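A look at the structure
So you can see what is in the structure, the chains are spelled out below.
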Amino acid sequence: MATESKSSGSWGVGRVGSYLERLGPTWLDGAIAAGPATMVSLLVAGASFGYALLWVVVLSAILGTVGQYLAMRLGLLTEAGIVAVVEEHLGSFWAWVLVVDAVLAAGLAQLVIMKTLADVSATVVETAGVGISALADPRLWGVTWAVILALGLAGGGYRLAEIGAKVLVSLVVLAFVASLFVVPIDPAAAASGLAPEMPAGVGGAVVAAGVLGGAVHITLLTMQSYTMRARGWTEGDRDIATFDVVSSMLVAFGIFSLAVFLVAASVLPDAGVDPATLDAIRAAEVLGPVAGEYATWLFLAGLLGAAVSTLGGNTIVPPYLLADKLGWEQSVEDSRYRGAIVAVALVSAVGAFLEGAFFELLVLVLAFGLVGTPFVLAVILYLLNDPDVVPETNSHLLNLGGLALFAIASVLAGEFVLEELETVTEPTSAFVVAFAVAMALAIVGLVGRYVRERFGAE
């Protein structure tokens, strides 16, 4: 396998076909990226501001690709999980900072995605007119799905449900792509949305941070090394790994994001949908031009499938990172790892009891994740520029791309935090601001360490 990836043969049909058969690690990350939180963030962006945030949507696919490529390089060059690499070269303290950062972001996402799954499940029952009131209670569905998730992931029986979920997601994505050819998109208005500008009004920074956070997220960046290790990829597999990243994030995720956003920006404002009251039923109107009377069912099925698929992938993130830090086997054969998976799955039931509309919470949780992302980007860039860590340090071009990604993620995260400062007396806003301050201090400390190590001896 490695021999093929090392070869410098031409990109013939056979070679592309071979690559397609071997795709996987970044596509798993892409499945999480194209989850309900990203879909809802794109819908809210289009409904709230029309085409104004198109520049963020385009940037999200490009920067998401850059981020995953950098994470991919670190994984290939070290052939180890990112937490283990940080532990070895930066020390236990920085490894714990990374674990806490990622677990917080993934944990909050877990709760909100479970709330989404529970609410959508209850909505499906309600829409179907089932006469059993208890089945329309999201809390019941939250507990039920948590048990299914725990039993499935711990026992290996979750695979069938995940495949079915991905089929549903694929159908709704195809429906959005088909809508591009039916919905009257205004090319001039869309083009104006490519100019980088934050739309006026409350929530613009939150929505922008949510859209970017769907593609540039600490969960995706940290999991890249583990999904590649599961495939056994090494430095000799750089070609297929690069193809995997580009085809997943830039092409597939980019098409998904553009289709959802452009259709939403074209349909929802003209339909008079109030973004503040946007829910699954109203959002389903975006698929009306291609699905007609079945639009609601198609959208609900896709949202439910996206939630199931993403929840399965997200559940293993905290156990993976903890296992890497504590030296456990990252397999259900290890009772400690299996217990961690069961614990995360069962605790996620709490999400069904959260107050508020899941549309708003999904955007908020992605924006929160973006706040923790600059730190992991700083860690990756640090390690990729240390010759004691990797045999081939970053080129100037890669560093430029990485720094641009870091800067843009930091600015959009900063805009979001500034909005939260206006309501800092509220518990949620206070937590976001405190987390942002902690991450900023961690970045300053990491940069200070790098400067001392590189220039202190001179």
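None of these values were measured; they are calculated from a predicted model. (Residues numbered from 1 in each chain as written. Predicted model: local features only at pLDDT ≥ 70, side-chain atom pairs only at ≥ 80, totals over all residues. Heavy atoms only, no water.)

Things to note about the pattern of salt bridges
Opposite charge on two side chains permits pairing when their charged atoms draw close. So the rule is basically this: In the sections that follow, a salt bridge refers to a side-chain nitrogen of Lys or Arg positioned within 4 Å of a carboxyl oxygen of Asp or Glu. To qualify as a helix, a DSSP run of H or I must reach at least 4 residues; to qualify as a strand, a run of E must reach at least 2; elements of each kind are numbered from the N terminus. Relative accessible area decides the class of each residue, using a 1.4 Å probe on protein chains only: under 20% of the type maximum gives buried, over 50% gives exposed, and in between gives partly exposed.
Evaluation of the coordinates by the stated rule reveals 11 salt bridges. Notably, a salt bridge pairs lysine 325 with glutamate 87, separated by 2.9 Å at the nearest N-O pair. With lysine 325 in helix α17 (residues 317–326) and glutamate 87 in helix α6 (residues 82–89), this residue pair connects regions lying 238 residues apart in the sequence. Given a relative accessible area of 29%, glutamate 87 falls into the partly exposed group. The shortest N-O distance in the salt bridge between aspartate 386 and arginine 454 comes to 3.2 Å. Of this pair, aspartate 386 sits in the loop between α19 (358–384) and α20 (396–421) while arginine 454 is found in helix α21 (residues 427–455), placing the two residues 68 residues apart along the sequence. Under the relative-accessibility criterion, aspartate 386 is labelled buried at 7%. A residue is classified by how much of its surface remains accessible, and arginine 454, at 23% relative accessible area, is partly exposed. Here the salt bridges do not stand alone but share partners, grouping Arg73, Glu235, Arg238 and Glu392 into one network.

A few points about empty space enclosed by the protein
To keep things clear, this is the line we draw: Throughout, the protein atoms alone are placed on a 1 Å grid, and a set of points is a cavity if a 1.4 Å probe fits but cannot get out or a pocket if it is open with protein on both sides within 12 Å along at least five of seven lines; lining residues have an atom within 4 Å of a point. Grid points are joined across faces, edges and corners, and a volume is the space filled by probe spheres set on the points. Under the convention adopted here, Pro, Cys and the residues Ala, Val, Leu, Ile, Met, Phe, Trp and Tyr are nonpolar, Asp, Glu, Lys and Arg are charged, and Gly plus all remaining residues are polar.
By the definition in use, this model includes 1 cavity of 30 Å³ or more. Surrounding the largest cavity, 17 residues form its lining, Ile32, Ile113, His217, Thr310 and Leu366 being those nearest its centre. For the lining of the largest cavity, the elements supplying multiple residues, two or more each, are α3 (25–33), α4 (36–49), α7 (92–128), α12 (218–231), α16 (295–315) and α19. For the lining of the largest cavity, the leading source of residues is α4, giving 3 residues. Residues that form the lining of the largest cavity fall into these classes: 9 nonpolar, 8 polar and no charged.

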